[in-house]
Amino acid sequence: ESVPATSPTVPSGGSQSWATPQEQIIIEAPDKSSSVTIPAGALSKGTFISITPKDITAPAGFESARGADISYKDSAGTALASLELTKPAIVSFTLTQAEIDRVLTGGLIYILRYDTTNQSWSELNSNIDLVGKTAKVHVTKLSDFAVGIKLGSGAAPAATATPVPP
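1. Quick look at the overall build of the chain
Here is step 1 of the chain: Along the backbone of the chain there are one helix and 11 strands.
Here is step 2 of the chain: Each helix and strand of the chain, placed in order from N terminus to C terminus, yields the pattern β-β-β-β-β-β-α-β-β-β-β-β.
Here is step 3 of the chain: Counting all 166 residues of the chain, 40% fall into the buried class.
Here is step 4 of the chain: Counting only contacts in the chain whose residues sit at least 6 apart along the sequence, the fraction spanning at least 24 positions is 63%.
Here is step 5 of the chain: For the chain, the computed accessible surface area is about 9,300 Å², with 53% contributed by carbon and sulfur atoms.

2. A word on the sheet that holds strand 6 (residues 84-94)
Here is step 1 of the chain: A sheet is described by the order of its strands in space; here five strands give the open sequence 2-3-6-10-9, paired in antiparallel fashion. Pairing within the sheet leaves two strands with one partner each, and these edge strands are strand 2 (25-28) and strand 9 (127-129). Geometrically, the sheet is characterised by an average inter-axis angle of 20° between neighbouring strands, direction not taken into account.
Here is step 2 of the chain: Pairing geometry for strand 3 (residues 34-38) and strand 6, over four bridges, is antiparallel. Looking at strand 6, one finds that threonine 37 is bridged to isoleucine 90.

3. Let's talk about the environment of proline 4
Here is step 1 of the chain: The topology assignment puts proline 4 in the segment before strand 1 (15-19).
Here is step 2 of the chain: Sequence spacing of proline 4 and tryptophan 18 is 14 residues, and the spatial spacing of their C-alpha atoms is 8.4 Å.
Here is step 3 of the chain: Discounting residues that sit within four places of it in the chain, proline 4 has contacts with Trp18, Phe48 and Ser75.

4. A look at the pairing of strand 1
Here is step 1 of the chain: Counted residue by residue, strand 1 has four buried out of five residues, so it is predominantly covered.
Here is step 2 of the chain: Relative to strand 4 (residues 47-54), strand 1 is paired through five bridges, and the arrangement is antiparallel. Counterpart to serine 17 in the pairing with strand 4 is isoleucine 49.

5. A word on the pattern of salt bridges
Here is step 1 of the chain: According to the stated counting rule, one finds five salt bridges in the structure shown.
Here is step 2 of the chain: One salt bridge connects lysine 32 with glutamate 28, and the closest N-O pair in it is separated by 3.4 Å.
Here is step 3 of the chain: The class of glutamate 28 is partly exposed, set by a relative accessible area of 35%.

6. Let's talk about the sheet that holds strand 7 (residues 107-115)
Here is step 1 of the chain: Strand order in the open sheet formed by six strands is 1-4-5-11-7-8, and the pairing between neighbours is antiparallel. A single partner strand is all that each edge strand has here, and the edge strands are strand 1 and strand 8 (120-124). Adjacent strand axes in the sheet meet at a mean angle of 30°, parallel and antiparallel pairs treated alike.

Cut-offs and rules
- Residues numbered from 1 in each chain as written.
- Predicted model: local features only at pLDDT ≥ 70, side-chain atom pairs only at ≥ 80, totals over all residues.
- Heavy atoms only, no water.
- Helix = DSSP H or I, 4+ residues; strand = E, 2+ residues; numbered from the N terminus.
- Buried < 20%, exposed > 50% of the residue type's maximum accessible area, 1.4 Å probe, protein only.
- Contact = heavy atoms within 4.5 Å.
- Areas by Shrake-Rupley, 256 points an atom, 1.4 Å probe, with all protein chains shown as cover.
- Pairing = 2+ DSSP bridges.
- Axes fitted to C-alpha atoms, helices over the stretch in contact; angles between N-to-C directions.
- Salt bridge = Lys/Arg side-chain N within 4 Å of Asp/Glu carboxyl O.

Laid out in structure tokens, this is it:
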């Protein structure tokens, strides 16, 4: 499928690519904080897909979160209401050192998906690789995603001073 003669405006601070059913494509945010990988055969037709870092308010129960807005448009540049994939895409976040340090002190990392119908975030079954500094999830529906940290139920308690006998 050929690239349309005109393309929609790229979101400020984001990256955009023309994705076709025939090829795998990786679209990475300019700051390298997040990416989406669409495998060959996942799309039914050519689509403009963009990814843009997004500041979000941490959902209830999370101490911090940062997001990625993934949007999609048809060949004429018209925004699509939704985009279902026939094969799972991979949404990936590059973890910061602060996020990794937080995990080492009891925090848990989750990737979240935003549900526009319920206007809420839901936790997804994610792959966390602290050595590779990534959090990834396989999805068949694109939307806004976030990586968030919350205190785990088995987290280490705060350090307390131990009295030294005289």
